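For reference, the chains in residue letters:
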Amino acid sequence: MKGNFKMAQHIFLTGKKHIGKSTLIKKILDNYKGTVDGFLTIRTKDYLGNHYSVHMCHLKDNEIPNEQNLLFLCGKADENATDIFNHLGCSVLSKCSNCSLIIMDELGPHEADAALFREKVLHLLDGEIPVLGILQEPADSSWPEITNHPSVEIISISEDNRDDTSLFNHILLKIQQN
């Protein structure tokens, strides 16, 4: 079976905060015909009311931000962040086997020391299921393993291209080819 193995082609979007990366992924998913799994990272004030918190929500479970998927509080140092990413992140990604596309929205510097989570992400990039994800800028400093991966295409999103139909079609075609 090893001879039949085909490594997937993956796409990671990068760009300034609030430029439209997650919005573009949502548009692509609205037009994607396969099964999707993975996670969305949600920054919200709804959970705590007076402070922003960041949550890793599993796509298939349609999770809303809660205590079980809390990653960290914005602007506060958290000595448990590594353990949380290793536990929660690996748990979510371990569920991503019966799908045709994995979403990773988003990856950045907060999980720098989460070796188990990083290993799980890289393992999936060596697999057969395509990944569509987002890398916080500067992508090459927090995730050089992704930016230098031979099966990853990095696309920088800007105000000039975020609504570009040809870019949308390129991404959709690439993830559907796998």
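As the structure is a computational prediction, the values presented were derived from the model and not from experiment.

1. Digging into the overall build of the chain
Argument step 1. Within the chain one finds six helices and seven strands.
Argument step 2. Moving toward the C terminus, one meets the helices and strands of the chain in the order β-α-β-β-β-α-β-α-β-α-α-β-α.
Argument step 3. Relative to a compact globule of 178 residues, whose C-alpha radius of gyration would be 16 Å, the chain shows 16 Å and is just as compact.
Argument step 4. Across its three principal axes, the chain shows a C-alpha extent of roughly 45 × 40 × 30 Å.
Argument step 5. When each of the 178 residues of the chain is scored for burial, the buried share is 44%.
Argument step 6. Put simply, of all contacts in the chain between residues at least 6 apart along the chain, 66% involve residues at least 24 apart.
Argument step 7. As displayed, the chain has an accessible area near 9,600 Å², and 49% of this comes from carbon and sulfur atoms.
Argument step 8. Charged side chains in the chain number 17 positive and 24 negative. The centres of these two groups are separated by 4 Å.

2. Regarding the sheet that holds strand β3 (residues 53-58)
Argument step 1. Read across the open sheet, the seven strands follow the order β4-β3-β2-β5-β6-β1-β7; overall the sheet is mixed. The sheet is open, and its two borders are formed by β4 (70-73) and β7 (152-156), each paired with just one other strand. Direction aside, neighbouring strands of the sheet carry axes that sit 15° apart on average.
Argument step 2. Sheet analysis places strand β2 (residues 36-44) next to β3, joined by six bridges and oriented antiparallel. Bridging from a neighbouring strand, Leu 40 pairs with Cys 57 of β3.
Argument step 3. Helix α1 (residues 21-31) rests against β1 (10-14), β2, β5 (101-107) and β6 (131-135) of the sheet, and its axis sits at about 165° to β6.
Argument step 4. Strands in contact with helix α6 (residues 165-177) are β1, β5, β6 and β7; relative to β7, the strand with the most contacts, it is inclined by about 160°.

3. Focus on the confidence of the model for the chain
Argument step 1. In this model, the chain carries a mean pLDDT of 91, and residues with pLDDT of at least 70 account for 95%.
Argument step 2. Mean pLDDT across the elements of the chain bottoms out in helix α4 (residues 139-142) (89) and peaks in β6 (97).
Argument step 3. Predicted confidence is poor over residues 1-5, with pLDDT under 50, and the contacts of this stretch with residues over four places away or in other chains come to three contacts.

4. Focus: the packing of α1 against α6
Argument step 1. Direction vectors running N to C along α1 and α6 enclose 55°, while the axes themselves pass 10 Å from each other. Here α6 runs oblique to α1, going by the angle between their axes. Judged by the sense of rotation from one axis to the other, the crossing of α1 with α6 is right-handed. Note on element contacts: α6 touches α1 through Leu 167, Phe 168, Ile 171, Leu 172, Ile 175 and Gln 176, opposite Leu 24, Lys 27, Ile 28 and Asn 31.
Argument step 2. Counted by class, the contact of α1 with α6 contains seven nonpolar, two polar and one charged residues.

Conventions and cut-offs
- Residues numbered from 1 in each chain as written.
- Predicted model: local features only at pLDDT ≥ 70, side-chain atom pairs only at ≥ 80, totals over all residues.
- Heavy atoms only, no water.
- Helix = DSSP H or I, 4+ residues; strand = E, 2+ residues; numbered from the N terminus.
- Rg over C-alpha atoms; globule rule 2.2 N^0.38 Å.
- Buried < 20%, exposed > 50% of the residue type's maximum accessible area, 1.4 Å probe, protein only.
- Contact = heavy atoms within 4.5 Å.
- Areas by Shrake-Rupley, 256 points an atom, 1.4 Å probe, with all protein chains shown as cover.
- Lys, Arg positive; Asp, Glu negative; His and termini not counted.
- Charge placed at Lys NZ, Arg CZ, Asp CG, Glu CD.
- Pairing = 2+ DSSP bridges.
- Axes fitted to C-alpha atoms, helices over the stretch in contact; angles between N-to-C directions.
- pLDDT = per-residue confidence, 0-100.
- Parallel < 35°, antiparallel > 145°, perpendicular 65-115°, else oblique.
- Left-handed = near helix turned anticlockwise from the far one by under 90°.
- Nonpolar A, V, L, I, M, F, W, Y, C, P; charged D, E, K, R; others polar.

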